[in-house]
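Breakdown of the fold
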Amino acid sequence: MLVVITYDVNTESEGGQKRLRKVAKACESYGQRVQNSVFECLIDTGQLRTLQARLEKIIDKEKDSLRYYFLGNNWENRVLHIGAKKVTSMDDVLIL
């Protein structure tokens, strides 16, 4: 399923910059960054639960926020991209 994860980390508070980097790194492990604080993750339920637990350990729930948008398995017709930043298709083969 495709899950869009957005976050807002308060970087003015103590440790905010470090939390911001950790949240981004955790999300990069499961998906691709499509905007500054927005990731698209093509993951299964188990991976989602693991990522949620990891992110919720990182953030300060009094100062930061996470949002999860569940687009499901038929997400291709639900995402429209317009603009300069090209995004790799989640179904394409990546050669590293």
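One structure accompanies this document, and this report is about it.

Scoring rules and cut-offs
- Residues numbered from 1 in each chain as written.
- Predicted model: local features only at pLDDT ≥ 70, side-chain atom pairs only at ≥ 80, totals over all residues.
- Heavy atoms only, no water.
- Phe/Tyr/Trp six-rings, centres within 6.5 Å; stacked < 30°, edge-to-face > 60°.
- Helix = DSSP H or I, 4+ residues; strand = E, 2+ residues; numbered from the N terminus.
- Expected span 1.5 Å × (residues − 1).
- Buried < 20%, exposed > 50% of the residue type's maximum accessible area, 1.4 Å probe, protein only.
- Arc of directions from axis to C-beta.
- Contact = heavy atoms within 4.5 Å.

A word on the packing of aromatic side chains
In the structure shown here, the tally under the stated rule is 2 aromatic pairs. Each ring, one from Y68 and one from F70, has its centre 6.5 Å from the other, and the planes form 15 degrees; the classification is stacked.

Observations regarding helix α1 (residues 16-28)
Helix length check: α1 (13 residues) gives 18 Å between terminal C-alpha atoms against 18 Å at 1.5 Å per residue, within 8%. Among all positions of α1, only G16, R19, V23, A24, A26 and C27 are buried. The arc that holds the buried residues of α1, viewed along the axis, is 160 degrees, so those residues lie on one side. With respect to the buried face of α1, the exposed residues turned more than 90 degrees away are R21 and K25. Where α1 is buried, its residues meet β1 (2-8), β2 (32-35), β3 (38-42) and α2 (45-58).

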